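The lines below spell out each chain.
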Amino acid sequence: MNDIVFKGIDTPNLRQLAVYEANGGYAAVRKALKDIKPDELIEMVKQSGLRGRGGAGFPTGMKWSFVPKVSAEPKYVVVNADESEPGTFKDRELMEKNPHQLLEGIILAAWAIGSHKSFIYIRGEFAHIAKILEAAALEAEARGYLGKNIFGSGFDLDLVIHRGAGAYICGEETALLDSLEGFRGQPRLKPPFPAVKGLYGGPTIVNNVETLSFVPFIVNEGPAAFRKFGTEKSPGTKIFSVSGPVKKPGNYELPLGTPLRKLLEEICGGMLGGHELLAVIPGGSSVPVWNKDYLDVPLDFESVAAKGSLLGSGGVIVMSSKTSMVAATLNLTRFYRHESCGKCTPCREGTYWMEKVLGRIHRGLGMPGDLELLLDLCSTLEGRSFCALGDAAAMPVRSSILMFRDEYEARIREAAGGKTPETAGSR
Amino acid sequence: MTEPKMVTCTIDGRTVTAPEGTLLTDAAKMLGIQIPIFCSHHRLKPLGACRICLIEKEKTGKPVIACAEMVAEGAVFHTQSEMALKARKGIMEYLLVNHPLDCPICDEGGECDLQDTSYEHGIGSSRFVEMKRSFDIVDLGPIVVLDRNRCIVCARCVRYCNDIMGDSALTIEERGFHSQINTRDGGELECQQCGNCIEVCPVGALTSRPYRFKARPWDLKQTETVCNFCSNGCTFHLGRREGTLVRARAKKSHGVNRDFLCARGRYGYEFPTSPERLHFPRIRQGGSLQRAEWSDALGQAVRAIQAARSAGKAVTALASARLSNEDLYLLQRLVREVAASPHLDHRLEQRAPLPGPLLKSLAAFPALPVSAIATLGSALVFGEDVNEEQPLYGTSLLREVHYRRMPVVVAHSRRVRLMQEAASGLPYRPGSELAAARGLLKSLAAHQGAAGPAEEVRKMTAGWSWEALASGSGLTEAQFEKAAATLYSGGSRAIYFGSQALRAAEAPDLVRALIDMALVSGASLVPLWDRSNSQGALDMGVLPDLLPGYEAAPAPGWNTAEILRRSASGEVGVLILAGADPLAHFPDRKLAENALRKADFVLSLDLFETDASEMAHVSLPLRSYAESDGSVTNSERRVQALRSAANPVGESEAGWRIFERLATGLGSAWNYADLLALQEEIRARVPLYKVLGRRMGPAATSWALPGASLPGAQPVGEGKAPAAAAAGTLRVESGNSIFHHGMLSQHNKVQLKLLPGPTLFLAAEDAARLRLAEGDLALLEGPGGKVEARVKIGGPSGPGVGFYPDHFAGAEANRLFGPESPFADIKISTLSAAVHS
């Protein structure tokens, strides 16, 4: 556990450059700027098999390789630190406790694609973390580790830390870019993808905090060392943020492929007294929910997908028998309704409508046919919306109805007060 | 330009081959397959927001949006498959979640995209049983009403306003299902009031305030005709209800403008059915004009022409360039053939009208359609505030600047809209157009080499000193160089010029310089004339030195200034004013007054009482364009049909019929059975117009001068540098405001709401210097006299140059400016300060 990005995470004063460096920090940048050509660095990351840790799991080296070598417009590295996915709090700890590891990752990414301007787009509520990052960046710049002529290599990189203004959608990479440019945070049409035409029209890579934090290790220890962890297709480790009524919730860095049962029962110490496991959302709120039959699924991208959910951000949300699935699903739907940017019709209207239907079921005013209506709304929302937010809103609703249909039906039966379905509709 | 690669794909089992990059919605249209759209619009970049265009693409797990999907080799699409229909039905149901069912009282009803799509994809009843959200209905100024309840947040209006018009007056506020359209500050719209937001709105969220509740589309008698204001020649549909014109609307499948209209085009429909129109012929009796019979009025005119001829005095005519080609053709026949006089003109506002050979040189350049702007490499706009004067050209250029950073050079004395966004601006001093043109020509020629006109021009310009050009124009050599480099940075180029260039005191030399620029740079050259049928007036030879079809007149006659001067000195027997009012438009108002007073006989044909008509001996009521069939020719030289959309007012008569009756009264055997007979004669006598009466309108090609080759290099004379503005004054220019055009629009109530009366626009820094505030009533004193005007900050002004649009009787620009130059140094004093609440 805690083998790579969380290694020594609780070392006192790790935020300070001297402490980070004493623990081997900035060795990767020194090495890369001196000895590793950008193309070689991209190849290393490709070989490591590192996949994006923001949720989609796209191969990072491949993303970097899409950036054109020669570009009339400046190239940019943008860090997605807009960690807003319910149940996910890994980037927060990485930045709070080890900001220089992220900075090192940014410099390496910039070196790889030939960028001289980078941005950290950080969730607005993380004001205190923005200060930590700023302090770290200032310290690095003062020492010549950032800014002009890094480590005397002649390579320049500016870093701008930009706080968002509180919109979940800005975690979507193109909405993030619009927001960064000063527009409404709304996703852009793709193609063109950001690697070709991103921030201010320049080739841009947008990477998650955790993803970039892995890069120094890969440079220092080599791709093979990274591949010692995890599975063939999902190599390396991943931080899992466990929340809910387990004995020891929190962030744990584990090799990908670790079974869910091991995470919950061994590492988190099982359920709190009086709680019985009811449901688990394995990858942040935007993925389908499981019931307790899925404890033996290995937590890697392929295995989780094969069992009908997604690894997503690794936010493992545990719910106990004391949780109403109707209430929990309503709560999530309310979140997506609130955070829908409103650009596309299905997400704007669908989340609103779903919340209304779930709300009446929850309040005991559900009507026969409401579950079919909800499932139908899920199917006209999923795969039809502009960006993944629409899918994210639909998946928890559909899966919770499919997994916990009894609870929903019981609620609707109560509302009907024992009346026949034909007469129950009138309220 | 390389030919685009062609791609073949299959839609609904039929193959279609289209250029790479073609959107699926357009490819489907080629097969006659209609895919519904809301957020997508042919002038806008794809957005992909509304999702109503979802279709199935084989081998893709989920439906794709046809508005952003491009044709791909071998791809197979289905628009009617179960997946596609279910997806669209789902979107339709979502769109109706919050949409009110108020179609019966909605102005959009019957012309509503949502309504139509709902019939096709809707499910008839809604499964949404909760309360719909609701908003108050708000007026966004005199033009636009916003009903957010109906809005489907497609953002077309916001994007059109921002991307196409450059106004950014609308925005989306809030997020998610709270998303709503608003003005930027929540107040009234601050924009060009073009109303295109209403037109592009696919529902009834944005509706026209003047048209609100006036009619249902099926109650309207709609006629397609051509706007009568500027020379863009926009097609629109005039809608008449119970004898009154109640709206103008453009349609995207019609006309050079497709669905674009400017404020004056959209709201200039009122004057033809205004109660102020002249209804009857009038004859001067005992000092005033009295109602008369047509036969008596025409008889007096005939006798006056006969008397002039027998007395050896001149018969002269001044025509409005809003008249139809048929009117203008017969007027010149009347003057030339029946009255045997060469003295006629239609150019009232130009101080130095272009001589015939120069006009013929311009006509030798091939025509360039406005649609070509979409593929131009670069453009120069010289001496034209193209967004105020020629809105279709202005907005077309602005779009390309926004969407693909098309390199554009704008040369103007004021900080006009396009200059603010152009890659290169040449803000010359007022009156120094020629120096600026010479400087740019010198830079352009320096880039080009070897042979032909370029070599000649380079030799000519080599001797011009940069110091003189710079001090003359207020520009630097570096600015000229940058402008030249900008123009050369694109592949195909075009040079546009307009009213400021044409009204300049040195217009002929300026136009010669522009011809040289086009020859040197290989650019198309496009004059943007100021009236709807200025092009036709040139083509029909309503000129002292050119016959129809650009044939040199054997004995050149007098131009406007000469006619008026000769008249003032008692040499004119008859002055025919065919819709023309020299008192309002000729720069020297006193001379025009004298001319009218001293002419033996003045015959006025007009729509309204004007200062000139009231000085006439006989006044005849003319039909407006809206009551006339005929043709007009736009700046693309496209001959387009006018169709009568309203019943004739009173006893008003078409111009050509009046000229025919005068000719027959004078003993000519003219007898046109109908308009077609007249058009047949024009076709036979003016080869340029062989399309006339057959395939007219946007489908017709522009005419080309038969056998013409590009002119040779033109010698360009040297101009006089304008003096610096006198101390304590502001240099002011005139022209058309975007809200009005000439003197006709003052009869339109809506346009009067947009600009109610005489107004001085000036830049904020000039207002501060002169201690003027928005809304102040100011006294303007110039070389021509005094007028009172409201102060408005901004607009097409400054810095250092004010703008006084010329639209209002009693406060015409020629009452303020002197006859010498199209600008003047104006002394401004506050009469009463604006009341600010």
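Residues numbered from 1 in each chain as written. Chains lettered and ligands numbered in written order. Predicted model: local features only at pLDDT ≥ 70, side-chain atom pairs only at ≥ 80, totals over all residues. Heavy atoms only, no water.

**As for the overall build of chain B**
Of the regular secondary structure elements, chain B holds 26 helices and 35 strands. Taken over the C-alpha atoms alone, chain B extends approximately 90 × 65 × 60 Å along its principal axes. Evaluated residue by residue, chain B yields a buried proportion of 64% over its 837 residues. Within chain B, residue pairs in contact and separated by at least 24 positions form 72% of the contacts whose partners lie at least 6 positions apart. Accessible surface for chain B amounts to roughly 29900 Å². Of this, 51% is attributable to carbon and sulfur atoms. (Helix = DSSP H or I, 4+ residues; strand = E, 2+ residues; numbered from the N terminus. Buried < 20%, exposed > 50% of the residue type's maximum accessible area, 1.4 Å probe, protein only. Contact = heavy atoms within 4.5 Å. Areas by Shrake-Rupley, 256 points an atom, 1.4 Å probe, with all protein chains shown as cover.)

**Some thoughts on the domain arrangement of chain A**
All names here are of chain A. Segmenting chain A into domains produces domain 1 (17-227), domain 2 (237-320) and domain 3 (325-415). Computed from C-alpha atoms alone, the centre-to-centre distance between domain 2 and domain 3 is 23 Å. Residue-level contacts link 13 residues of domain 2 with 11 residues of domain 3. Taken over both partners, the interface formed by domain 2 and domain 3 buries close to 950 Å², and the fraction arising from carbon and sulfur atoms is 75%. It is Ser285, Ser286 and Val289 that lose the most area in domain 2 upon contact with domain 3, and together they represent 46% of the buried surface on that side. In this assembly, domain 2 and domain 3 are joined by 0 salt bridges. Linking domain 2 to domain 3 there are 3 residue pairs in polar contact (both at pLDDT 80 or more). (Domains from an automatic or database assignment. Buried area = accessible area lost by both parts, 1.4 Å probe. Salt bridge = Lys/Arg side-chain N within 4 Å of Asp/Glu carboxyl O. Polar contact = N/O pair within 3.5 Å; in protein donor to acceptor, adjacent residues only side chain to side chain.)

**Things to note about the side chain of Arg512 of chain B**
Residues and elements named next belong to chain B. With respect to the secondary-structure elements, Arg512 resides in helix H18 (residues 507-521). A distance of 3.1 Å separates the side chain of Arg512 from the side chain of Asp509, its partner in a polar contact. Those residues within four positions of Arg512 in sequence are excluded, and the remaining contacts are Pro355, Leu358, Gln714, Pro715 and Val716.

**Examining the environment of Gly757 of chain B**
Assignment of secondary structure puts Gly757 of chain B in the loop between helix H25 (749-754) and strand S31 (759-762). With 100 residues separating them along the chain, Gly757 of chain B and Arg657 of chain B place their C-alpha atoms 35 Å apart.

**With respect to a nonpolar patch on the surface**
Nonpolar side chains collect at one region of the surface, where Phe58, Met62 and Phe66 of chain A lie side by side and expose about 280 Å² of accessible area between them. Structurally, Met62 of chain A can be placed in helix H4 (residues 60-65). (Patch = residues over 30% accessible without salt bridge, like charges linked within 9 Å, V, L, I, M, F, W, Y side chains within 5 Å.)

**Quick look at the domain arrangement of chain B**
Partitioning chain B into structural domains gives domain 1 (6-95), domain 2 (131-273), domain 3 (315-349 + 534-689), domain 4 (369-527) and domain 5 (729-832). Measuring from the centre of the C-alpha atoms in domain 1 of chain B to the corresponding centre in domain 4 of chain B gives 42 Å.

**Some details on the interface of chain A and chain B**
When the parts of a complex come together, some accessible area is lost, and that lost area is often used as the size of the interface. Each side of the interface is counted separately: chain A has 34 residues, and chain B has 37 residues. At the boundary of chain A with chain B, total buried surface from both sides reaches about 3000 Å², with 53% on carbon and sulfur atoms. For chain A, the biggest contributors to the area lost against chain B are Tyr352, Trp353 and Arg384 of chain A; these three give 23% of the whole. Applying the counting rule to chain A against chain B returns 5 salt bridges. For Glu73 of chain A, the salt bridge identified is with Arg405 of chain B, shortest N-O distance 3.9 Å. Of all elements in the fold, only helix H13 (325-339), helix H14 (345-362) and helix H15 (370-381) of chain A reach the threshold of two or more residues within the side of chain A that touches chain B. Among the residues forming the side of chain A that touches chain B, the class breakdown is 12 nonpolar, 10 polar and 12 charged. (Nonpolar A, V, L, I, M, F, W, Y, C, P; charged D, E, K, R; others polar.)

**Some thoughts on the packing of helix H2 (residues 27-35) of chain A against helix H9 (residues 209-221) of chain A**
Residues and elements named next belong to chain A. H9 packs onto H2 with a crossing angle of 60° between their chain directions and a minimal axis gap of 9 Å. Handedness of the H2/H9 crossing: left-handed. Where H2 approaches H9, its residues Ala27, Ala28 and Lys31 are matched on the opposing element by Pro216, Val219 and Asn220. The residue inventory of the contact of H2 with H9, partitioned by class, reads 4 nonpolar, 1 polar and 1 charged. (Axes fitted to C-alpha atoms, helices over the stretch in contact; angles between N-to-C directions. Left-handed = near helix turned anticlockwise from the far one by under 90°.)

**Some details on the pattern of salt bridges**
All names here are of chain B. This model, assessed by the stated rule, comprises 77 salt bridges over all chains. One salt bridge in this structure joins Lys313 and Asp600, with 2.8 Å as the shortest N-O distance. You can see Lys313 sitting in the loop between helix H7 (294-311) and strand S16 (314-319) and its partner Asp600 sitting in the loop between helix H22 (589-598) and strand S26 (601-606), a full 287 residues away along the chain. A salt bridge links Asp611 to Arg589, with the nearest nitrogen and oxygen atoms 2.7 Å apart.

**A word on the packing of aromatic side chains**
Enumeration according to the criterion identifies 25 aromatic pairs over all chains in this entry. Measuring from centroid to centroid gives 4.3 Å for Tyr145 of chain A and Phe151 of chain A, while their planes differ by 35°, and the two rings are tilted. Residue classification places Phe151 of chain A among the partly exposed positions, given a relative accessible area of 24%. Considering the side-chain rings of Phe335 of chain A and Tyr336 of chain A, the 5.1 Å spacing of their centres and the 75° angle between planes classify their relative orientation as edge-to-face. When its relative accessible area of 0% is taken as the criterion, Tyr336 of chain A is described as buried. Sitting over the ring of Phe386 of chain A, Lys343 of chain A keeps its end group 4.5 Å from the ring centre. Seen from the ring of Phe280 of chain B, Arg291 of chain B lies directly overhead, with NZ or CZ sitting 3.4 Å from the centre. (Phe/Tyr/Trp six-rings, centres within 6.5 Å; stacked < 30°, edge-to-face > 60°. Lys NZ or Arg CZ within 6 Å of the ring centre and 35° of its normal.)

**Side note on the sheet that holds strand S2 (residues 117-122) of chain A**
Residues and elements named next belong to chain A. An order of S3-S2-S1-S4 is seen for the 4 strands of this open sheet, with the pairing classed as parallel. What marks the edges here is a single partner per strand, and that holds for strand S3 (158-163) and strand S4 (204-208). Averaged over all pairs of adjacent strands, the angle between their axes in this sheet comes to 20°, without regard to strand direction. The pairing of S2 with S3 spans 6 bridges and is classified as parallel. (Pairing = 2+ DSSP bridges.)

**Examining the environment of Lys5 of chain B**
Residue and element names in this part refer to chain B. Of note, Lys5 is situated in the segment before strand S1 (6-11). Take Lys5: its relative accessible area is 54%, and that puts it in the exposed class. When the C-alpha atoms of Lys5 and Phe213 are compared, they prove to be 50 Å apart, with 208 residues separating the residues in sequence.

**Thoughts on unusual backbone geometry**
All names here are of chain A. A cis geometry characterises the amide bond from Lys190 onward to Pro191, with omega recorded as -5°. Counting through the fold element by element, Pro191 comes out in the loop between helix H8 (173-180) and S4. A positive phi angle, near 50°, is found at Tyr200, a position not held by glycine. Within the element layout of this structure, Tyr200 appears in the loop between H8 and S4.

**Some details on the nonpolar core**
Counting 229 residues, the largest nonpolar core has Phe382, Tyr496 and Met517 of chain B as its most contacted members. Here this core gets 10 residues from one element, more than from any other, and that element is H18 of chain B. Setting aside anything within four residues of it in sequence, one finds Tyr496 of chain B in contact with Leu368, Ile373, Leu376, Ala379, Leu380, Val381, Phe382, Tyr393, Val526 and Leu528 of chain B. Grouped together as the second largest cluster of nonpolar side chains are 65 residues, Ile9, Ile36, Ile150 and Leu159 of chain A included. (Core = buried A, V, L, I, M, F, W, Y, C linked by side-chain atoms within 4.5 Å.)

**Quick word on the side chain of Asp606 of chain B**
Residues and elements named next belong to chain B. Mapped onto the elements, Asp606 comes out in strand S26. Arg277 is the oppositely charged side chain nearest to the buried, salt-bridge-free Asp606, at an N-O distance of 7.8 Å. Each residue touching Asp606, except ones within four places of it in the same chain, is listed here: Leu278, Gly579, Leu620, Pro621 and Leu622. (Lys, Arg positive; Asp, Glu negative; His and termini not counted.)

**Structural notes on the confidence of the model for chain A**
Should pLDDT be low for a region, the predicted coordinates there are not to be read in detail. In this model, chain A carries a mean pLDDT of 95, and residues with pLDDT of at least 70 account for 98%. Overall, residues 420-427 of chain A carries pLDDT values under 50, and its contacts beyond four positions in sequence, including any with other chains, amount to 9 contacts. (pLDDT = per-residue confidence, 0-100.)

**Section: the packing of helix H5 (residues 90-97) of chain A against H9 of chain A**
All names here are of chain A. Packing of H5 against H9 leaves a shortest axis separation of 9 Å and a crossing angle of 50°. Judged on the interaxial angle alone, H9 and H5 are oblique. For the pair formed by H5 and H9, the contact residues are Lys90, Asp91, Leu94 and Met95 on the first element and Val209, Glu210 and Ser213 on the second. Grouping the amino acids of the contact of H5 with H9 by side-chain chemistry returns 3 nonpolar, 1 polar and 3 charged. (Parallel < 35°, antiparallel > 145°, perpendicular 65-115°, else oblique.)

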